[in-house]
Amino acid sequence: MMLTRYAYNNAALRCVTFSLHMLKRPSSLSYQAVSYIHSFDKHTAHVPIASRNDSILHFGSRPFSLSISRLSSVVQFKLADIGEGIREVEVKEWYVKVGDQVKQFDKICEVQSDKANVTITSRYDGTIVKLHYNVNETAIVGEPLVDIRVEHGVDIPATKAAPIISEDSVKNETADKNSLSNLLATPAVRRMAKDLQISLNDVQGSGKDGRILKEDLLNHKSEASKPPPTKASPPSPASVKQAPSLKPRPTTTTVADRNEPIKGIRKAMVKTMTQANAVPHFTYCDEYDMSQLVKLRKQLKKQNKDIKMSYLPFIIKACSQALTNHPILNAYVDAKCENITYKGSHNIGIAMDTKDGLLVPNIKNVQQLTINQIASELSRLQQLGKAGKLSTDDLTGGTFSLSNIGAIGGTYAVPVLLLPEVAIGALGKIVRRIVPDEEDDGDSSSSSDDEECCAYSIRSMMSVSWSADHRVVDGATMARFSNELKYLLENPLQLLINQ
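Predicted, not measured: the structure shown is a model, and the values here were computed from it.

Conventions and cut-offs
- In this convention, every chain numbers its residues from 1, walking through the sequence in written order.
- Residues qualify for local features only when their pLDDT is at least 70, as the model is predicted, and side-chain atom pairs are given and counted only at 80 or more; totals for whole chains, interfaces and linings, by contrast, use all residues.
- Hydrogens and waters are ignored; side-chain quantities use all the structure's heavy atoms.
- Patch membership needs two things, relative accessible area over 30% and no salt bridge, and members are linked within 9 Å if like-charged or within 5 Å if nonpolar (Val, Leu, Ile, Met, Phe, Trp, Tyr).
- The Shrake-Rupley method, run with a 1.4 Å probe, gives the accessible areas here. Residue values count only the displayed protein chains as cover.
- Should a side-chain nitrogen of Lys or Arg be within 4 Å of a carboxyl oxygen of Asp or Glu, the pair is scored as a salt bridge.
- Per the convention used, a helix needs a DSSP run of H or I reaching at least four residues, while a strand needs a run of E reaching at least two, with both numbered from the N terminus.
- In these notes, a set of buried Ala, Val, Leu, Ile, Met, Phe, Trp, Tyr and Cys residues joined through side-chain atoms within 4.5 Å is what counts as a nonpolar core.
- For the exposure calls, accessible area comes from a 1.4 Å probe over protein chains only, and a residue counts as buried if that area is under 20% of its type's maximum, exposed if over 50%, partly exposed in between.
- Only heavy atoms matter for contacts: two residues are in contact if any of them lie within 4.5 Å across the pair.
- Think of a 1 Å grid over the protein atoms and nothing else: a 1.4 Å probe that fits but is trapped marks a cavity, an open set flanked by protein within 12 Å on at least five of seven lines marks a pocket, and residues with an atom within 4 Å of a point count as lining.
- Grid points are joined across faces, edges and corners, and a volume is the space filled by probe spheres set on the points.
- Scored between 0 and 100, pLDDT is the confidence that the predictor attaches to each residue.
- N or O atoms within 3.5 Å of each other form a polar contact, as long as, within protein, one can give a hydrogen and the other can take it, and as long as residues adjacent in sequence are counted only when both atoms are side-chain atoms.
- In this scheme Phe, Tyr and Trp rings, the latter by its six-membered ring, pair at centre separations within 6.5 Å, and the angle between planes marks the pair as stacked below 30 degrees, edge-to-face above 60, and tilted otherwise.

A.B. asks: Which residues make up a nonpolar patch on the surface, and what values do they have?
C.D. replies: Taken together, the side chains of Ile434, Tyr456 and Ile458 make up a nonpolar region of the molecular surface, amounting to roughly 360 Å² of accessible area. Turning to its location among the elements, isoleucine 458 is positioned in strand β22 (residues 456-469).

A.B. asks: Outline the nonpolar core, listing residues and values.
C.D. replies: By size, the foremost hydrophobic cluster in this structure holds 46 residues, and its most contacted members are Ile316, Phe400, Leu402, Trp466, Phe481 and Leu489. Of the residues forming this core, the biggest block, 8 residues, is contributed by helix α10 (residues 312-324). Filtering out sequence-adjacent residues up to four positions away, phenylalanine 400 remains in contact with Cys319, Leu323, Leu329, Asn330, Asn347, Ile348, Gly349, Glu421, Ala423, Trp466 and Phe481.

A.B. asks: Got a sec to walk through empty space enclosed by the protein? Specific residues and values, please.
C.D. replies: In the structure shown here, the tally under the stated rule is 1 cavity of 30 Å³ or more. In this structure, the largest cavity encloses a volume near 30 Å³. What lines the largest cavity is simply Glu287, Thr411, Lys429, Val431, Arg433, Met461, Met462 and Ser463. For the lining of the largest cavity, the secondary-structure elements that each account for two or more residues are β21 (431-436) and β22.

A.B. asks: Mind laying out the confidence of the model for the chain, listing which residues take part and the relevant values?
C.D. replies: Low-pLDDT portions of the prediction should not be read for the details of their coordinates. Within the chain, residue pLDDT values average 77, and 71% of them lie at 70 or more. Predicted confidence is poor over residues 1-6, with pLDDT under 50, and the contacts of this stretch with residues over four places away or in other chains come to 8 contacts.

A.B. asks: Help me get a handle on the side chain of aspartate 394, residues and values and all.
C.D. replies: As for its position among the elements, aspartate 394 is in helix α12 (residues 392-395). Side chain to side chain, aspartate 394 and serine 391 meet in a polar contact 2.9 Å long. Discounting chain neighbours no more than four positions away, the residues touching aspartate 394 are Val360, Pro361, Asn362, Lys364, Arg380, Leu381 and Leu384.

A.B. asks: Could you give me a rundown of unusual backbone geometry, with the residues and numbers involved?
C.D. replies: Cis geometry is adopted by the peptide bond preceding proline 420, which originates at leucine 419 and carries an omega value of 10°. Considering the arrangement of structural elements, one finds proline 420 in the loop between β19 (400-403) and β20 (423-427). Positioned with a positive phi, phenylalanine 105 is a non-glycine residue whose angle comes to about 70°. Overall, phenylalanine 105 belongs to the exposed group, its relative accessible area being 67%. Here asparagine 136, not a glycine, exhibits a phi torsion of approximately 75°, which is positive.

A.B. asks: Quick rundown of the packing of aromatic side chains? Include the residues and the values.
C.D. replies: Tallied over the full model, the rule gives 4 aromatic pairs. Their ring planes at 40° and their centres at 6.0 Å tell us that phenylalanine 400 and tryptophan 466 sit as a pair that is tilted. One end of the pair, phenylalanine 400, is in strand β19; the other, tryptophan 466, is in strand β22, with 66 residues separating them in the sequence. With respect to burial, phenylalanine 400 and tryptophan 466 carry one shared label: buried.

A.B. asks: Lay out helix α5 (residues 187-195) with the relevant residues and their values.
C.D. replies: Each full turn of the α-helix corresponds to 3.6 residues, which orients residues three or four apart in the same direction. When we look at burial in α5, the residues that qualify are Pro187, Val189, Met192 and Ala193. Following α5 by one or two positions, glutamine 197 has its phi on the positive side, about 60°.

This is how it looks when you write it as structure tokens:
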């Protein structure tokens, strides 16, 4: 009788399965079985149905082959190359666990490199058997990521064939790696341990939850390099009597370190300050006599007790008037330093210390505002900064910046540029100091041998530091701007007249 193609394929598959089981023991019968399968004629094959039946089946056939991987139960899914020369990543989150069913393109895990986060998807249909890494562990490109029990009959890509492993070996490898998976260490620490040829199992971590730090590796290395202690000869009675008594070492406990990722505003500040550090800039320092401004502020407070005005609104307005005569300091420079944009508005930024970090909101169009309006706008920005509600408009568009570090403390500071701005100033604390009075030009005929007499007075002095982009601003321009600002602050009535 004639069998259908389906029945023929079933018979051939059973024959192959039988032959594979026979391969486990070296016998001539197993090899004969395999040879018999591949010796089918291209057109007709004769297969006896049973030994008791003399009937022979005649059916058409064509050559076929089955790969071992098609019948294998577990395959290793390796971490593929994710580009940009990345050789290792950190496992951030698993979307599957052992025993879960997955299909092609299902999410397996999310990994993080030093450049981006990447979601890894499955290339097979099957069941998760083993996860080779825990969360926060480092996975190596090209190494096994998960083991998947592939369903029978699923084709495995021939370009990069996955290695065949048994379930027993999976269990053994899991037991061998349990100790390493429980160790807490960053990828940099693991790489350092590998370079120093140190097993992480031999190192006692001093970080949070026993995390191994670089210091722990260095301490372990130094202790291992010390020579073994030698047996000292017993001291003589005379030397024992002469040895001074040592005070016991005070008992202390080791305080664990705390690590936290840099993110949010601090991460943005890292980027901004790194870019600014690449710009060649210089710093110019001077001292301003603020005595007249201190008196004026006291008079204003006596006339109106409701006024709560600091010195900063006066300084901001004075900077705006000085910038009018020095527009190069109120300008932008492009990234390649090929063009200068002279800004028409004086949007003066004020550095603020907030709970989220350093922020620099700016007061728009200072050249059009009075001192009272500047004080009101400054108060609004300070309240929003404390509440963490500064808007994007408040934080962008600045053309010139000031850092009022003197409100916290300090005399001199070296401010860092806030690109693309070309100048920034740091205001020190106003302090009372004894300062010699400036002398008028005396009689030039007086003898130089005469003893010089000098008058002194107590003045309110403020130190100021200016930093400027030396690619477009020279020291003379910065000095002239500072001198004009100094004149306005030392003569505040002139400042009020010009506003």
